[in-house]
2 protein chains.
Amino acid sequence: MAELSRRSGLSVPTIKYYLREGLLEPGHRTGINQAAYDDSHLDRLRLIRALSKVAGLPLAKIHEIIDVLDSDSSIEEALALTQDALVQKAGPVPEGSADEVSADPESQALLEKLIEARGWPHDPSSPAHQAAAQALSELRAEGLDSVLDRVDEYSALADEIARLDLDAIARADDPEDTVRLVVLGSTLRRPLLDALILIAQQKASIRTFGGGPGN
Amino acid sequence: MAELSRRSGLSVPTIKYYLREGLLEPGHRTGINQAAYDDSHLDRLRLIRALSKVAGLPLAKIHEIIDVLDSDSSIEEALALTQDALVQKAGPVPEGSADEVSADPESQALLEKLIEARGWPHDPSSPAHQAAAQALSELRAEGLDSVLDRVDEYSALADEIARLDLDAIARADDPEDTVRLVVLGSTLRRPLLDALILIAQQKASIRTFGGGPGN
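Keep in mind that this is a model prediction, so the values were computed, not measured.

(A) Seen up close, the overall build of chain A. Helix and strand counts for chain A come out as 10 helices and 2 strands. If you list the helices and strands of chain A from N to C, you get α-α-β-β-α-α-α-α-α-α-α-α. Each of the 215 residues in chain A was classed as buried or not, and the buried ones make up 50%. Here the analysis covers contacts within chain A between residues at least 6 apart in sequence; of these, 60% occur between residues at least 24 apart. With the model as given, the accessible surface of chain A reaches about 10,200 Å², and the carbon-plus-sulfur share is 48%.

(B) Molecular detail of the side chain of Gln83(A). Summarising the element assignment, Gln83(A) is placed in helix α5 (residues 75-90). In this structure the side chain of Gln83(A) is engaged in a polar contact, spanning 3.3 Å, whose partner is the side chain of Gln201(B). Apart from residues lying up to four places away in sequence, Gln83(A) is in contact with Val182(A), Leu198(B), Gln201(B) and Gln202(B).

(C) Fine view of the interface of chain B and chain A. Listed per partner, the contact involves 80 residues of chain B and 80 residues of chain A. Together, the buried faces of chain B and chain A total about 7,300 Å²; carbon and sulfur atoms form 70% of this surface. There are 4 salt bridges connecting chain B and chain A. Put simply, Asp194(B) and Arg190(A) hold a salt bridge, and the shortest N to O gap is 3.6 Å. Between the two partners, chain B and chain A, sit 10 residue pairs in polar contact (both at pLDDT 80 or more). Taken together, the elements giving at least two residues each to the side of chain B that touches chain A come down to α3 (39-54), α5 (75-90), α6 (105-118), α7 (127-141), α8 (145-148), α9 (151-169) and α10 (175-209) of chain B. Ranked by residues supplied to the side of chain B that touches chain A, first place goes to α10(B) with 26 residues.

(D) Representation of the packing of aromatic side chains within the structure. Residue and element names in this part refer to chain A. Overall, the coordinates contain 2 aromatic pairs over all chains when judged by the stated rule. Centroid distance Tyr 17 to Tyr 18: 6.0 Å. Interplanar angle 45 degrees. Geometry classified as tilted. In this structure Tyr 18 comes out as buried when scored by relative accessible area, which is 3%.

(E) How the structure looks around the pairing of strand β1 (residues 28-31) of chain A. All names here are of chain A. In this structure, β1 lies alongside strand β2 (residues 34-36), joined through 3 bridges in antiparallel fashion. By the bridge assignment, Gly 31 is partnered in β2 with Gln 34. Remark: 2 residues form the turn of the hairpin made by β1 and β2, two consecutive strands paired antiparallel.

(F) Expanded view of the pattern of salt bridges. All names here are of chain A. This model, assessed by the stated rule, comprises 22 salt bridges over all chains. With a shortest N-O distance of 3.1 Å, Glu 176 and Arg 44 are connected by a salt bridge. Highlighted residues: Glu 176 in helix α10 (residues 175-209) and Arg 44 in helix α3 (residues 39-54), separated in sequence by 132 residues. The two residues Glu 176 and Arg 44 agree in class, both being buried. Linked through salt bridges whose partners overlap, the residues forming this network are Arg 44, Asp 70 and Glu 176.

Calculation rules
Residues numbered from 1 in each chain as written. Chains lettered and ligands numbered in written order. Predicted model: local features only at pLDDT ≥ 70, side-chain atom pairs only at ≥ 80, totals over all residues. Heavy atoms only, no water. Helix = DSSP H or I, 4+ residues; strand = E, 2+ residues; numbered from the N terminus. Buried < 20%, exposed > 50% of the residue type's maximum accessible area, 1.4 Å probe, protein only. Contact = heavy atoms within 4.5 Å. Areas by Shrake-Rupley, 256 points an atom, 1.4 Å probe, with all protein chains shown as cover. Polar contact = N/O pair within 3.5 Å; in protein donor to acceptor, adjacent residues only side chain to side chain. Buried area = accessible area lost by both parts, 1.4 Å probe. Salt bridge = Lys/Arg side-chain N within 4 Å of Asp/Glu carboxyl O. Phe/Tyr/Trp six-rings, centres within 6.5 Å; stacked < 30°, edge-to-face > 60°. Pairing = 2+ DSSP bridges.

Here it is in structure tokens:
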């Protein structure tokens, strides 16, 4: 247990909590107060840690994802569930509101067109679809036509980023590790890209508006 | 006042609050309980609304931005202040921690190299710089080398997105409107791009891992 804690970076009470919650299989009992844990325990703990500590998903959702991984389902099913959980956590769409459509019809239509043009999967009930429709609606409500006019270009860039994201995690050799890398990648890559865009904007801003520091 | 409320989309109590806080200049008095407001009041209210209701910036920060706009400072100064406020709000870097460097030296060095390669402005004290260094550090701490290996490609895409963002707002004809569009654009474009990336990932994921729904 002490070694498991050291190698996973999680405290003993946290590991015991995951055991009680049934997220982690008990170790093989080797004595009255002793149990042996193997690499499968460590892998599972690393996954739980990513889902819980890094991505901040609720325990019920972590249970769901792990159940799918432990079943005969495909890796895509586990990935889809994970991505939906991540967007529901980050996005403006509250969980369980799948039927409520708050985006305006024009934004819905714009999104449908985009998805068709790019050959993306069409799934209006997915949290990602709803978050996109919502974002387009808000841009429209604020009169940001100049952003909406460029939505094809943003979509093309979104495609490239998605491809890069998937390339970065495609090397994992088992489903559990793949899910872990998807969670860490999308949770930690997002603030990186946001920050890089801001740095780049400072340059673009100097170019667009002239001047710069000291001018 | 009633018309100002209707046209700005803000309630009368909210407008009165901004007047009391000194964010909005008083109207021209035309009678005991009457004041006239002109387009400059409406423009200012629209800006305050974007900074406050959409971006969620604290009142003190809004005061700062407006003071810079009302002074003889350049538009870049107002934009830099606004962007710093936005990244401080969104990012992991707590305000006032400019001197504390929590990113590891390797990540700092990697970021310096990136910035030089792309010709971005080098300003290690800016919140965007610190947020980027922090994000690189976290990726490294989690062992996500496969993401770090692609950081040049992410930077190139960040450049393109920044250019697109700036193109979208470069049409504004006065500093006040420019700041408003930057705030709305970066606050509302971010969830749009995130959602589009997620939709695109579903496609990329089907391609990378084979199968798809029903397989």
